[in-house]
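Structure at a glance
Here is how the chains run, residue by residue.
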Amino acid sequence: MEVKKANGVIDWLDQRIAIKKVIEVLATKYWVPKNINFLWAMGVILLTLFTLLVVSGFFLLMYYKPDTKLAFDSVNDTIMREVAFGWLWRHIHAVAASMVFLIIYIHMFVAVYYGSYKRGREVIWIGGMLLFVVFSAEAFSGYMLPWGQMSFWAAAVITNLPSAIPGIGPDLVEWVRGNFVIADSTLTRFFMLHVCLLPIVILMLIALHFYTLRVPHVNNENGEEIDFEAEAKKYEEGKKKEAKVISFWPDFLSKDIFVVSVFMMLFFYLVCYHFNFAMDPINFEPANNMKTPAHIYPEWYFLWSYEVLRGFFFSADVGLIAFGIAQVAFLFLPWLDRSPIVAPAHKRPLFMIWFWVLILDLVVLTIFGKLPPEGINNQIGLVAAVGFLVWVFVALPVVTIMERKK
Ligand code: HEM
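Thresholds applied
- Residue positions within a chain follow its written sequence, with the count starting from 1.
- In view of the model being predicted, local features appear only for residues whose pLDDT reaches at least 70, and side-chain atom pairs are presented and counted only at 80 or more, with totals across whole chains, interfaces and linings using the full set of residues.
- A run of DSSP states H or I qualifies as a helix once it reaches four residues; a run of E qualifies as a strand once it reaches two. Both are numbered from the N-terminal end.
- Atoms considered for the radius of gyration are the C-alpha atoms alone. The globule rule reads 2.2 Å times the number of residues to the power 0.38.
- Counting other C-beta atoms within 10 Å of its own, a residue is labelled buried from 20 upward, exposed at 12 or fewer, and partly exposed in the gap between, with every C-beta atom placed from the backbone.
- C-beta atoms are first placed from the backbone for all residues, and any pair lying within 7 Å is then listed as a contact.
- Simply put, an axis is a line fit to the C-alpha atoms, just over the touching stretch for a helix, and the angle between two N-to-C directions goes from 0 to 180 degrees.
- Small angles under 35 degrees read as roughly parallel and large ones over 145 as roughly antiparallel, with 65 to 115 read as roughly perpendicular and the rest as oblique.
- Throughout, a crossing is termed right-handed when the near helix is turned clockwise from the far one, and left-handed when it is turned anticlockwise from it by less than a right angle.
- Residues are grouped as follows: nonpolar covers Ala, Val, Leu, Ile, Met, Phe, Trp, Tyr, Cys and Pro; charged covers Asp, Glu, Lys and Arg; every other residue, Gly included, is treated as polar.
- Note on terminology: a nonpolar core is a set of buried residues of type Ala, Val, Leu, Ile, Met, Phe, Trp, Tyr or Cys, with members joined through C-beta atoms within 7 Å.

The subject of this paragraph is the overall build of the protein. Scanning the protein from terminus to terminus reveals 16 helices and two strands. For 406 residues, the compact-globule estimate of 2.2 N^0.38 gives 22 Å, and the protein sits close to it at 24 Å. Counting only C-alpha atoms, the protein reaches 70 × 60 × 45 Å along its principal axes. Here the protein holds 406 residues, and the buried ones make up 31% of them. For the protein, long-range pairs separated by at least 24 residues make up 74% of all intrachain contacts whose partners lie at least 6 apart in sequence.

Written as structure tokens, this is what we have:
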């Protein structure tokens, strides 16, 4: 290999690690369709939020103590009152955790609306769903760390779920908790998951998600099949107006940065003035295993699946099976959708109805997931929970087969 005197840092790196090629592959010659709107900026917002979670998490880690005797005070006293700007990092972490789910749901349902999970994009979708599942585990394990009342009782309810599995159930619960009851061993293992194992898995899954976008490319507003090579050639020849594609950098990302900036204004407004929505008041009471809170419920983003679990109020076992199925239901979307059409829902009348009824059902489940399970709430919960499963597993194939036949 011949190394010449470099005429700059880029040239120096290029001679050693072919940095220009890397920049081309990752940015300047990575082609994105032109006809997409701000909803396609959600992925980069998610990346920004994940970065904020990691950075704020590092600051919190400097003072947090993963010990049942110390955890509550280390968060509510040391971090919130004693350490300079500790409150700010905590609010950033809590608000980002809540917002990340809002944006994940928007990102997911944008993909459903535009049919971005099919015709070659199945693996992008699967990677995304894995991210959703691991993010859920990350949020659940993080919620346990302040060791408040809701941390403790949510942990008690969720780690008890495997007990319904015949035979091995009780042993499994003990294995998950590391004790017969929720104890110090439970807190420390969930701490390990939250700050170490799960973030590593998330990073690997984000890399996979980005890689899987490369071959089928990002979908567009009309579901149009674009010949990326031909369009990229036009762009490179200088016919940028005619070309149906733009480069990831500088074109796409510069617009994304604008959307991310607007989002960040809203984000820091919430962090400074309305952080309470991201924290449950009951969790400002230390964990007490002798005092069960009147209602135990998760954060807003888990309410819909929690309600599927509770909806089957007459049988805990049926509820558990339904909950397990609901958690992964969307994974099967590319195969439950039997129509080859990739187009926005407003151009697919039957699918449009299916889509909005699904959203409505998820909203009902979310609302009733927070209400106490008594009286009419039980019946509505049951209808919405059964409705969800039927809508995804039966109505979607029926609707899309009808669409195909048309
Ligand atoms: C932290 C988590 C995630 C990150 C950082 C992320 C990032 C991205 C980015 C940057 C894109 C390309 C541009 C865009 O459409 O926004 C994208 C596309 C996509 N993502 Fe994600 N994503 C995440 C989670 C998910 C989840 C949970 C799902 C679904 C279950 C998902 C499904 C998809 C699909 C189907 C596309 C292709 C969209 C299209 O072709 O139009 N992603 N993601």
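Right, let's get into unusual backbone geometry. Leaving glycine aside, a negative phi is the common case for residues, and trans is the common case for peptide bonds. The omega torsion of the bond from Trp249 to Pro250 falls at 10°, within 30 degrees of zero and hence cis. Along the chain, Pro250 turns up in helix 11 (residues 248–273). If you check the backbone angles, Ala18 has positive phi at about 45° while not being a glycine. A positive phi angle is found at Arg119, which is not glycine, with a value near 50°.

Moving on to the packing of helix 12 (residues 303–311) against helix 13 (residues 316–328). Two elements in contact, helix 12 and helix 13, have axes separated by 7 Å at closest approach and are oriented at 155°. Classified by the angle their axes make, helix 12 and helix 13 are roughly antiparallel. Note that helix 12 runs across helix 13; the crossing there is right-handed. For the pair helix 12 and helix 13, the contacting residues are Ser305, Val308, Leu309, Arg310 and Gly311 in the first and Gly319, Leu320, Ala322, Phe323, Ala326 and Gln327 in the second. Partitioning the contact of helix 12 with helix 13 into residue classes produces six nonpolar, four polar and one charged.

Our focus in this paragraph is the packing of helix 3 (residues 42–61) against helix 5 (residues 86–114). Interaxial distance between helix 3 and helix 5 falls to 9 Å at its minimum, and their mutual angle equals 155°. In terms of orientation, helix 3 and helix 5 fall into the roughly antiparallel class. In this structure, helix 3 crosses over helix 5, and the sense of that crossing is left-handed. Residues belonging to the contact of helix 3 with helix 5 are distributed by class as follows: 19 nonpolar, five polar and one charged.

Another aspect to go through is the nonpolar core. With 52 residues, the main nonpolar core has Leu49, Val95, Ala96, Val100 and Trp147 as its most contacted residues. With 12 residues, the single largest contributor to this core is helix 5. Residues in contact with Val100, not counting those within four places in the same chain, are Leu46, Leu49, Phe50, Leu53 and Phe135. Formed by 21 residues, the second largest nonpolar core is a distinct cluster that contains Ala322, Phe368, Ala385 and Phe388.

On to the environment of Val110. Assignment of secondary structure puts Val110 in helix 5. A sequence separation of 105 residues divides Val110 from Val215, and the C-alpha atoms of the two residues are 20 Å apart. Apart from residues lying up to four places away in sequence, Val110 is in contact with Leu39 and Met42.

You can see Pro340 is positioned in the loop between helix 14 (333–336) and helix 15 (349–370). Classification of Pro340 by C-beta neighbours within 10 Å gives exposed; the count is 11. Between the C-alpha atom of Pro340 and that of Tyr105, which follows or precedes it by 235 residues, the distance is 24 Å. Those residues in contact with Pro340, other than ones at most four positions away along the chain, are Arg119 and Arg404.

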